[in-house]
Amino acid sequence: MSKGVQIAVGAILCALLLCWYGATQLDGQASYRYFNTLEEFLAAGPEKRIGESLRVKGYVANGSIDRRVADRQVRFAIQNEPPHASGDSDSTLAIHFTSLETPDLFQDGAEVVVEGEMLRSEGDAVFVANNVLAKCPSKFEAEA
């Protein structure tokens, strides 16, 4: 096989691989996924979204973390604004996280994104999370 044919075959293979990669990224299964803020989520009506895969961003409400070791889950509530800025909020969403392994930064007031789905449990809609992502604080202040 001549050198020119080898280069042409290699170029065709590279073009096919790039086309395949582009087609797989355009089918709606891309790695980027948007999350709703708690305010957007509650405005859209959580009852309407039962069974959907969801991502919701909020702040862990103060005093809401309840680790249930026997059930192997963590229950907590999120609110739209940080607790230190707005105090306790009237609009919160109860979360049932299906693991005891929470991020190191998970604590009262932490900014989190919960991934999971709304499920109907005993007549009530409950957000059951299978993943909790905690955000690292963006500002660090030096001691004065």
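To start, this report covers the structure provided alongside it. (Residues numbered from 1 in each chain as written. Predicted model: local features only at pLDDT ≥ 70, side-chain atom pairs only at ≥ 80, totals over all residues. Heavy atoms only, no water.)

## Quick look at the packing of aromatic side chains
Scanning the entire structure with this criterion turns up two aromatic pairs. Between Phe 41 and Phe 127 the ring centres are 6.2 Å apart and the planes differ by 85°, which places this aromatic pair in the edge-to-face class. Of this pair, Phe 41 sits in helix 2 (residues 38–44) while Phe 127 sits in strand 7 (residues 124–134), and the two are 86 residues apart along the sequence. Owing to a relative accessible area of 0%, Phe 127 belongs among the buried residues under this scheme. (Phe/Tyr/Trp six-rings, centres within 6.5 Å; stacked < 30°, edge-to-face > 60°. Helix = DSSP H or I, 4+ residues; strand = E, 2+ residues; numbered from the N terminus. Buried < 20%, exposed > 50% of the residue type's maximum accessible area, 1.4 Å probe, protein only.)

## Let's talk about the pairing of strand 2 (residues 53–60)
Buried residues dominate strand 2, accounting for seven of its eight residues. Sheet topology places strand 1 (residues 36–37) next to strand 2; two bridges connect them, and they run parallel. Across the sheet, the residue bridging to Asn 36 is Val 56, located in strand 2. Handedness of the strand 1-helix 2-strand 2 crossover: right-handed. In the sheet, strand 2 pairs with strand 4 (residues 73–79) via two bridges, with the strands oriented antiparallel. Paired with Tyr 59 across the bridge in strand 4 is Gln 79. (Pairing = 2+ DSSP bridges. Right-handed = clockwise from strand over helix to strand, strands pointing away.)

## A look at the nonpolar core
Grouped together as the largest cluster of nonpolar side chains are 19 residues, with contacts concentrated most on Phe 41, Phe 76, Ile 78, Ile 95, Val 112, Val 114 and Phe 127. Secondary-structure elements contributing two or more residues to this core are helix 2, strand 2, strand 4, strand 5 (92–97), strand 6 (111–121) and strand 7. Filtering out sequence-adjacent residues up to four positions away, Ile 78 remains in contact with Leu 38, Val 56, Gly 58, Tyr 59, Val 60, Ala 61, Ser 91, Thr 92, Leu 93, Ile 95, Val 112 and Val 114. (Core = buried A, V, L, I, M, F, W, Y, C linked by side-chain atoms within 4.5 Å. Contact = heavy atoms within 4.5 Å.)

## Focus: unusual backbone geometry
With phi around 55°, Arg 72 is a residue other than glycine that occupies positive phi space. Within the secondary structure, Arg 72 is located in the loop between strand 3 (66–68) and strand 4. Judged by relative accessible area, which is 54%, Arg 72 ranks as exposed.

## Notes on the side chain of Gln 79
Considering the arrangement of structural elements, one finds Gln 79 in strand 4. Look at Gln 79 and you get buried, because its relative accessible area is 1%. Reaching out from Gln 79, the side chain makes a polar contact with the backbone oxygen of Glu 81 at a distance of 3.0 Å. (Polar contact = N/O pair within 3.5 Å; in protein donor to acceptor, adjacent residues only side chain to side chain.)

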